[in-house]
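Notes for the structure review
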Amino acid sequence: MWDKRPDMVVHEADPYNAEPPPTALGDLVTPTDTFYVRNHGPVPVLDPATWRLRVDGDVDTPLELDLAAVKSRFAHHRRQVTLQCAGNRRAGLLAVRDIPGEHPWGGGATGSAWWTGVSLADVLRAAGIRGTDGHVAFEAPDVSRVPPTPEPFGGSIETDRALAGDVLLAFALNDEDLPPVHGAPLRVVVPGYIGARSVKWLTRIVVQDEPSTNYFQAHAYRLLPPQADPDEAGPGDGISLAAVALGCEITAPDAGAQMAAGPVTVGGYAHAGTGRRVERVDVRRFGDEAWTTADLAEDLPGVWRRWTAILELPAGAVRIQARAWDSTGACQPADAADLWNPKGYVNHSWAEVDLTVR
Ligand SMILES: Nc1nc2c(c(=O)[nH]1)N[C@H]1C(S)=C(S)[C@@H](COP(=O)(O)O)O[C@H]1N2
Ligand SMILES: [Mo]
C-alpha cells in the first residue's frame, strides 16, 4: 500500500497509518518506502495543475501561488530533517493503562529524510508579514472524521519559529517528487517540532494573532493530566505540544532477538526538539548499576542523533536499557508509568528491549 515496504506495521488501512519495524530505522537516512505515515483522514489526491497556495491574514500582500510560482520565485533548500509523531512509542503508555481509540505506535513513528523545498520565511517575507509575535496557521483539504464534527486537518506554529529560516515548504522527499501519502504537492516540514505541525497537502497559510483553532491544535496534540477526561476537555486545555521532548529508541538488536553471549552492538536514535541537542546516550543491561556511554554520530541540527554501544552480555534473559541527555542537562524519565496521559502522547521514557542470550 502507498509504495511502502511489505513489513510495515499497519495500524489502520483507511486512513492509512503505518510504521516500519524498529530494526528498519538503523540508518541515518530513512528510505521513502520505510518512512512512517500518519493520516487523520483520507489522502486527498490534488491535481498539481489546479492546486494553489494562498498566503494571507496579517500580511501586506496576500499571495496566490501555483506550484510553478512556488518553485520559481523562491530559492530551493535541500535539508535532512527528522519528523516524529507525538504518538511515537505510545505502546509503552498502553502497557501502563488503556488509551481507547489511539493507535499503538511503537518506536517507528519517526523518520529522517532529505526534504527539498522553499523556505517558509522567504514566502512569508514575500507576502510582507506584519509582526513577529503571532502565529502562522496551516490549512489542508483532508477532512478528518476524528473530531466530533468532521474537519480538515490543520495547525499552527509561532511566527518567530516560522521565521527562523529552517522551516520548509517541501515538494520533494529523498530527491523525488513528494508522494501523495506524504502531502503532495507541497507540505510543511518543521524541524524539531511534533509531526502534527508539519501539515501535508498545504493549501493556505494564514498569519494571525492566535494559535490555530483547528481541532488538531486546540483539542488534540495537547498533553492532559492523567485524571482528565479528553472528551470533556475544552479547547486550549492541557499543554500545547510543539518542540519534541528528548527521547531515544533502540533499533538494534531487535526485541526478542536470540544471540550468543559476548559483545553485542546496541544502536539506535536519540532526538531532542528545537532548542536542544542530544549530548549523551547511556546504555546498560538491566540489573547492572553502571552505564556504558554510547558513541555518538555527528550532531546535525534538526536530525536525530545516531548512537552505538558495545555491551558484554551474559547468557540468560537480558533487558537492555538506553537513555539520552540533552544540552540543558535533562535526562529522559525512567518509567512510562509516570508519563501516562489520556491521549497517549510524548512517551519519552527510557528505551528497553528484551533479548535471549545463549
Ligand atoms: N493535512 C495533514 N497533515 C498532516 C497530518 C494529517 O493527517 N493531515 N498528520 C500529521 C501528523 S500527526 C504527523 S506525525 C505527520 C506525519 O507525516 P508523514 O505521514 O509524512 O510521515 O504529518 C502531519 N501532517
Ligand atoms: Mo503525529
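Computed from a predicted structure; not experimentally measured.

One open sheet holds the four strands; their spatial order is β15-β17-β21-β20, and the pairing between them is antiparallel. Every interior strand has two partners, whereas the edge strands, β15 (247–252) and β20 (295–296), have only one. Across five bridges, β15 lies against strand β17 (residues 262–271) in antiparallel orientation. Bridge pairing in β17 links C248 to A270.

A separate point is the packing of aromatic side chains. A full pass over the atoms with the stated rule returns eight aromatic pairs. For the pair F35 and Y36, a centre-to-centre distance of 5.5 Å together with 20 degrees between the ring planes defines the contact as stacked. Exposure remark for F35: the relative accessible area of 1% places this residue in the buried category. The exposure class assigned to Y36 is buried, which follows from its relative accessible area of 5%. Plain terms: the ring middles of Y269 and W304 are 4.9 Å apart, the flat faces sit at 15 degrees to each other, and that makes the pair stacked. You can see Y269 sitting in strand β17 and its partner W304 sitting in the loop between β20 and β21 (305–313), a full 35 residues away along the chain. Judged by relative accessible area, W304 falls into the buried class, the value being 1%. Feature note: the residues F35, Y36, W105 and W115 constitute an aromatic cluster, connected by ring pairs. Directly above the ring of F171 sits K71, whose terminal nitrogen or CZ lies 4.9 Å from the centroid. Over the ring of W304 we find R306; its NZ or CZ atom is 4.8 Å from the centre of that ring.

Okay, the pairing of strand β12 (residues 204–208) next. Bridge analysis of strand β3 (residues 53–57) against β12 gives four bridges, and the strand direction is parallel. Residue pairing in the sheet places D56 in a bridge with V206 of β12. In this structure, strand β7 (residues 135–144) lies alongside β12, joined through five bridges in antiparallel fashion. By the bridge assignment for β12, A137 is matched with V206.

Taken together, 19 residues are adjacent to ligand 1, and Y36, D142, H182, R187 and K200 come closest. The separation between an oxygen atom of ligand 1 and a polar main-chain atom of R38 is 3.0 Å. Note that an oxygen atom of ligand 1 is positioned 2.7 Å from one of the side-chain N or O atoms of H182. When ligand 1 is considered free in solution it has 530 Å² of accessible area, and contact with the protein chains removes 100% of it. Residues of the shell around ligand 1, tallied by class, amount to ten nonpolar, five polar and four charged.

In this section: the sheet that holds strand β4 (residues 63–65). Read from one edge to the other, the open sheet built from five strands follows the order β4-β3-β12-β7-β8, with strand pairing classed as mixed. The two strands at the open ends of the sheet, each matched to only one other strand, are β4 and β8 (151–158). The sheet shows a mean angle of 20 degrees between the axes of neighbouring strands, direction not considered.

Quick notes on the rules
Residues numbered from 1 in each chain as written. Chains lettered and ligands numbered in written order. Predicted model: local features only at pLDDT ≥ 70, side-chain atom pairs only at ≥ 80, totals over all residues. Heavy atoms only, no water. Pairing = 2+ DSSP bridges. Helix = DSSP H or I, 4+ residues; strand = E, 2+ residues; numbered from the N terminus. Phe/Tyr/Trp six-rings, centres within 6.5 Å; stacked < 30°, edge-to-face > 60°. Buried < 20%, exposed > 50% of the residue type's maximum accessible area, 1.4 Å probe, protein only. Lys NZ or Arg CZ within 6 Å of the ring centre and 35° of its normal. Near = heavy atom within 4 Å. Polar contact = N/O pair within 3.5 Å; in protein donor to acceptor, adjacent residues only side chain to side chain. Areas by Shrake-Rupley, 256 points an atom, 1.4 Å probe, with all protein chains shown as cover. Nonpolar A, V, L, I, M, F, W, Y, C, P; charged D, E, K, R; others polar. Axes fitted to C-alpha atoms, helices over the stretch in contact; angles between N-to-C directions.

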